[in-house]
There are 2 protein chains.
Amino acid sequence: MARYVFGADVGGTTAKIGLLTETGEMLDFWEIPTRTEDHGKMILADVSDSIRAKMKERNIEDTEVIGAGIGVPGAVNADGLCYQAVNLGWENYNVVNEFHSKLKLPVKAGNDANVAALGEAWKGGGKGYKNMLLVTLGTGVGGGIINEGKILTGSFGSGGEIGHIHLVDDEEDACGCGNNGCFEQYASATGAMRLAKRMLASSNEDSVLRNGEFECKDVFDAAKKGDALAVKIAEQYGYYLGKGIAITATVVNPEIIVLGGGVSKAGEMLFDLLMPSFKKYVFSGCSNAKFTLAKLGNDAGVYGAAKLLIP
Amino acid sequence: MARYVFGADVGGTTAKIGLLTETGEMLDFWEIPTRTEDHGKMILADVSDSIRAKMKERNIEDTEVIGAGIGVPGAVNADGLCYQAVNLGWENYNVVNEFHSKLKLPVKAGNDANVAALGEAWKGGGKGYKNMLLVTLGTGVGGGIINEGKILTGSFGSGGEIGHIHLVDDEEDACGCGNNGCFEQYASATGAMRLAKRMLASSNEDSVLRNGEFECKDVFDAAKKGDALAVKIAEQYGYYLGKGIAITATVVNPEIIVLGGGVSKAGEMLFDLLMPSFKKYVFSGCSNAKFTLAKLGNDAGVYGAAKLLIP
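As a convention, each chain's residues are numbered from 1 in the sequence order in which they are written. All chains are assigned letters beginning with A, and all ligands numbers beginning with 1, in the order in which they are written. Given that this is a predicted model, residues contribute local features only at a pLDDT of at least 70 and side-chain atom pairs are listed and counted only at 80 or more, while totals for whole chains, interfaces and linings are drawn from all residues. Hydrogens and water molecules were not included; the side-chain quantities draw on all heavy atoms of the structure.

Selection criterion: UniProt positions are given in the numbering used here, feature names are shortened, and annotations may be inferred rather than shown by experiment.
The name given to chain A in an unreviewed UniProt entry is Glucokinase, and the organism recorded there is Butyrivibrio proteoclasticus. Here is the UniProt Sequence similarities (unreviewed entry) comment for chain A, exactly as written: "Belongs to the ROK (NagC/XylR) family."

In C-alpha cells, the structure reads:
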C-alpha cells in the first residue's frame, strides 16, 4: 500500500502545500491564499480543506496517509504552541491542536526556518548528514539546526535563531529584534547592502556600484567581475558571515553547513569569502565542517514539513 | 527485580565509579586510579574489572544490569569514537567498542563535560527540564547542551564546546585552543584572575586584593564584602559571562541554564553579575531562560554516565 504524507509551508500571502511519498518524492504541489483576517483563524481550516480535496481528487484513503506537517512563520514549541506569528495574526495559538481538530489526521508543526532546514537535510544540500546547520541569507538571517536528524526546537521554539547572535559591539543601528550588532545586521541581504553603502560613503574609489541604484545581487556580480570596491564589500560580508557561522558551529558542531536564501545565489564564491574568518574563529574540533549550497529553494519548507511526520 | 546501572567518570588521575538504581539513586561510589601508561590501554579493563568486582561483591547478576556509561576527557562522537583524550593517552580510540569487549554488558560513552551536563539535567540543577545548558566555570569553561533530554553531541563530539566561542576581537593572549578571544579566556577561573590582574595593573585604587597573593575565590569574596575594585572586577567578569551565555542561549534556546565548576561557588551573586549583559545580548525569544547553580559537584559525571543508558 502506498503511504503518503502532506507538507504545508504557510507564509503571510500564500501557503504552499505538497503531497509526497514517505520516501520524499513530491507527487503534487500547489498553493492556496493565506487568509489572515480575523487573526488568521481560517488558515488551518483552509489548508486542511485543501488537503482533503486533494485526497478526494486522488482517491487517497485516510489509512494511506501518515499525516501532515506544517511550517509557520513564528516560534513553535515542542507541543505545537505558536507564541506569535505576526504575519498570520496568531498569538498563543496551538497549531498542532487546531490543525488536528480540522484535518483529523496525525499532524506536526514547526517554525518555518527550522522546517526548511529539515527539508534541506532530508532531500537537499544536507542529504545524508545527521548534523546540519542551515543558514538562510535573505532579508534577515534565518537558521535551522538539525541534530541527529531532528530539528533543535529549543524550549520556546527559538532554537536556531542564529540571525540574532551578537556579533558586533559598536553597532549603532538597531536590529529588527531590538538588539544592536546581531549577525543578521551584516550577513543578510539587507546587511550586505548596508555594508556596501557604508563602504561607498567612506571611500572615493571608483566602482560600477556608483552608477545609480543597485541591489545586493549587483554587489556580488560586480565582485565576480573584479570591481575592486565590490570585492572589498564582498570580503567584508564574508568576514561577518564566516564569523557568525564559526560561533554557531562551535556551539553545535555540525557536519555540514548549508547556505540558502537569496544571497546564496552568489554561489560558491561565498565559501571563499567566508572561509578565512570561519577558520580563524571556529573551535578546532568543529573546523572540518563541510559547506554546501541549499538545493530546494522555496520548496524546502514543504519537504521539511512532510518530514516532520517521518521518523 | 532490581535494575542497576553503572556510571564511570574517567579523569587523568582517577576514575570515579558509581552503582545506581535506574531511577538514579546512588547505591555505591568509589574511585580507582587511572593507569595512563601504554597509551592508557589498561584504563577500560580496570574500570570493567572494578565494575565486575562490585557486581560479585553485591551478588548482582548480568540480567539485573542495564549497562554502564562512561565519560572521558575528550571529544567522543555518536559511535563512541574518541578522537583524542590527551590526559589518558588515547587517540582515535573507540571507547564503546573497547569498553564493551571488556565488560560484556551494554555500554555508552560521551565527553565528560557533556556527560556531567546530562547528570545535572537528570538529578541536579536541571532536574525536570528537557532543554538545559550547563556552563562549567573551572580552569577553563566547559559546557554541555541537553536537547530534549539528550546530549547534543555534534558530529565530531564537540557539541557544547562553548568555552571556545569567539567573544572578544582585540585579545592579544592566545587561548589554550590556539584562537584569540575565546569565551573561556574571560569566564573561567583563570579568566577571572586575568581580568583581576589587568584591572589591578591599570588602576591605583586601593583594594584588599593588593595585600599579597590571591585566588579567584578571593576576588568574589572581596566583592561580596564591598571592596570597590573587586566589585568592578566581578562586574567585568559578569559582563563576559552573561555575553557568552547570551550568544549560546540564542543558538540553542535552553529553558534553564546551570552554572557549575569552581567559580560557581561564588553563588547567586553570579546571576546578578551576568544578568545585565545576558539581557542586553540575548535574543528576545530566548531571554526567559531560568538560571540556577549546579548541585552535583564532582559527582555529576557519574550520574550522567549512568543516565546514558537510561532512555
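Now, onward.
1. A closer look at the overall build of chain A
Worth spelling out the cut-off: The numbering of helices and of strands both runs from the N terminus, where a helix is a DSSP run of H or I of at least 4 residues and a strand a run of E of at least 2. In this setup the radius of gyration rests on C-alpha atoms only. A globule is expected at 2.2 Å times the number of residues raised to 0.38. The cut-offs for exposure are 20% and 50% of the maximum accessible area for each residue type, with area from a 1.4 Å probe on protein chains only; residues under the lower value are buried, those over the upper are exposed, and the others partly exposed. Note on definitions: a residue-residue contact is assigned when non-hydrogen atoms from the two residues lie within 4.5 Å. Methods summary: accessible areas were calculated by the Shrake-Rupley approach with a probe of 1.4 Å, and residue burial reflects only the protein chains presented. The sign given to each residue is positive for Lys and Arg and negative for Asp and Glu; His and the chain ends receive no count. Note that the charge is assigned to NZ on lysines, CZ on arginines, CG on aspartates and CD on glutamates.
Within chain A, the regular secondary structure consists of 10 helices and 13 strands. For a compact globule of 311 residues, the expected C-alpha radius of gyration is about 19 Å, and chain A comes in at 20 Å, within 12% of that figure. If you line up chain A on its principal axes, its C-alpha atoms span 65 × 40 × 35 Å. Relative to its 311 residues, chain A shows a buried fraction of 60%. Taking the intrachain contacts of chain A between residues at least 6 apart in sequence as the baseline, contacts between residues at least 24 apart amount to 61%. As displayed, chain A offers around 12,600 Å² of accessible surface, 48% of which is attributable to carbon and sulfur atoms. Mean positive and mean negative side-chain charge positions of chain A (30 and 38 charges, respectively) differ by 5 Å.

2. Thoughts on unusual backbone geometry
All names here are of chain A. At Asn-59, a residue that is not glycine, the phi angle is positive and equals roughly 55 degrees. Looking at the element boundaries, Asn-59 is found in the loop between helix 2 (43-57) and strand 4 (65-72). Classification of Asn-59 as exposed rests on a relative accessible area of 65%.

3. Some words on the packing of helix 7 (residues 216-224) of chain A against helix 9 (residues 269-281) of chain A
All names here are of chain A. Convention followed: Inter-axis angles, ranging from 0 to 180 degrees, are taken between N-to-C directions of lines fitted to C-alpha atoms, where helices are fitted over the stretch in contact. When describing relative orientation, an angle under 35 degrees is termed roughly parallel and one over 145 degrees roughly antiparallel, while 65 to 115 degrees is termed roughly perpendicular and anything else oblique. Just so you know the grouping, Ala, Val, Leu, Ile, Met, Phe, Trp, Tyr, Cys and Pro go in nonpolar, Asp, Glu, Lys and Arg go in charged, and all remaining residues, Gly too, go in polar.
It is the contact of helix 7 with helix 9, at a shortest axis distance of 11 Å, that shows an interaxial angle of 85 degrees. Between helix 7 and helix 9, the angle is such that the two are roughly perpendicular. Seen from helix 7, the contacting residues are Phe-220, Ala-223 and Lys-224; seen from helix 9, they are Met-269, Leu-270 and Leu-273. Grouping the constituent residues of the contact of helix 7 with helix 9 by class yields five nonpolar, no polar and one charged.

4. Section: the sheet that holds strand 8 (residues 107-111) of chain A
All names here are of chain A. Here is the rule we go by: DSSP calls a pair of strands paired once it identifies at least 2 bridges connecting them.
What the five strands build is an open sheet, ordered 3-2-1-4-8; its pairing is mixed. Each having just a single partner strand, strand 3 (26-33) and strand 8 make up the two edges of the open sheet. Between one strand axis and the next, the sheet turns through 15 degrees on average, direction left out of account. Both strand 1 (residues 4-10) and strand 2 (residues 14-21) contribute to a ladder of seven bridges, which runs antiparallel. Paired with Val-5 across the bridge in strand 2 is Leu-20.

5. As for the interface of chain A and chain B
The line we're drawing: Summed over both partners, the accessible surface that disappears when two parts come together, traced with a 1.4 Å probe, is what is meant by buried area. Only one rule defines a salt bridge in this text: a Lys or Arg side-chain nitrogen within 4 Å of an Asp or Glu carboxyl oxygen. The term polar contact refers here to a pair of N or O atoms within 3.5 Å; inside protein, the definition further demands a hydrogen-donor-capable atom paired with an acceptor-capable atom, and it admits residues adjacent in sequence only when both atoms are side-chain atoms.
If you look at the interface, chain A gives 39 residues, while chain B gives 39 residues. Taken over both partners, the interface formed by chain A and chain B buries close to 3,200 Å², and the fraction arising from carbon and sulfur atoms is 56%. Its largest share of buried area at the contact with chain B, chain A owes to A:Phe156, A:Val251 and A:Phe283, together 19% of the area lost on that side. Along the contact surface separating chain A from chain B lie two salt bridges. Taking the shortest distance from any N to any O, the salt bridge between B:Lys243 and A:Asp169 comes out at 2.6 Å. Put simply, chain A and chain B have 16 residue pairs in polar contact (both at pLDDT 80 or more) between them. For the side of chain A that touches chain B, the element with the most residues is helix 8 (residues 228-252) of chain A, which contributes seven residues. Looking at side-chain class alone, the side of chain A that touches chain B contains 16 nonpolar, 17 polar and six charged residues.

6. Considering the relation of the copies chain A and chain B
The two chain copies are connected by a rotation around an axis plus a translation along it. Formally: We place the copies in one frame by least squares, fitting the C-alpha atoms of every residue whose pLDDT is at least 70 in both.
With an RMSD of 0.0 Å, the fit of chain A onto chain B corresponds to turning through 180 degrees and sliding 0.0 Å along the axis. When the rotation and shift are considered jointly, the pair of chain copies conforms to a two-fold rotation axis. With an isologous cut-off of 70% or more, the 100% of interface residues of chain A that recur at the interface of chain B puts this contact in the isologous class.

7. Details of the sheet that holds strand 5 (residues 75-76) of chain A
All names here are of chain A. Strand order across the open sheet formed by three strands is 5-6-7, with antiparallel pairing between neighbours. With one partner strand each, in any of the chains shown, strand 5 and strand 7 (90-94) form the two edges of the open sheet. Along the sheet face, helix 3 (residues 95-103) touches strand 6 (81-85) and strand 7 and points at about 65 degrees away from the line of strand 7.

8. Here's the deal with the domain arrangement of chain A
Residues and elements named next belong to chain A. Our working definition: The start and end points of each domain follow an automatic or database-based domain assignment.
Once the domains are mapped, chain A shows domain 1 (4-121 + 299-307) and domain 2 (129-294). Computed over C-alpha atoms, the centres of domain 1 and domain 2 are 29 Å apart. Carbon and sulfur atoms make up 63% of the surface buried where domain 1 meets domain 2, a total of about 1,100 Å² over both sides. For the interface between domain 1 and domain 2, the tally reads zero salt bridges.

9. What about the side chain of B:Asn77?
Considering the arrangement of structural elements, one finds B:Asn77 in the loop between strand 4 (65-72) and strand 5 (81-85). Setting aside its immediate chain neighbours within four residues, B:Asn77 contacts B:Tyr83, B:Thr153, B:Ser155, B:Phe156 and B:Gly157.

10. Description of the nonpolar core
Which entries qualify depends on this criterion: We define a nonpolar core as any set of buried Ala, Val, Leu, Ile, Met, Phe, Trp, Tyr and Cys residues linked to one another through side-chain atoms lying within 4.5 Å.
Core analysis: the biggest nonpolar cluster contains 111 residues, and A:Ile245 and B:Ile245 have the highest contact counts within it. Excluding anything up to four places from it in sequence, B:Ile245 contacts B:Leu133, B:Val135, B:Phe183, B:Ile257, B:Leu259, B:Leu274, B:Phe278 and B:Phe291. Grouped together as the second largest cluster of nonpolar side chains are 32 residues, B:Tyr4, B:Leu19, B:Leu88 and B:Ala109 included.

11. Notes on the pattern of salt bridges
With the rule as written, the count across this model stands at 28 salt bridges over all chains. Among the ionic pairs, B:Arg198 bridges to B:Asp173, the shortest N-O distance being 3.3 Å. Of this pair, B:Arg198 sits in helix 6 (residues 189-201) while B:Asp173 sits in the loop between strand 10 (150-151) and helix 5 (184-187), and the two are 25 residues apart along the sequence. You can call B:Arg198 partly exposed: its relative accessible area is 40%. What you see here is one network of salt bridges that share partners, running through A:Asp28, A:Lys54, A:Glu57 and A:Arg58.

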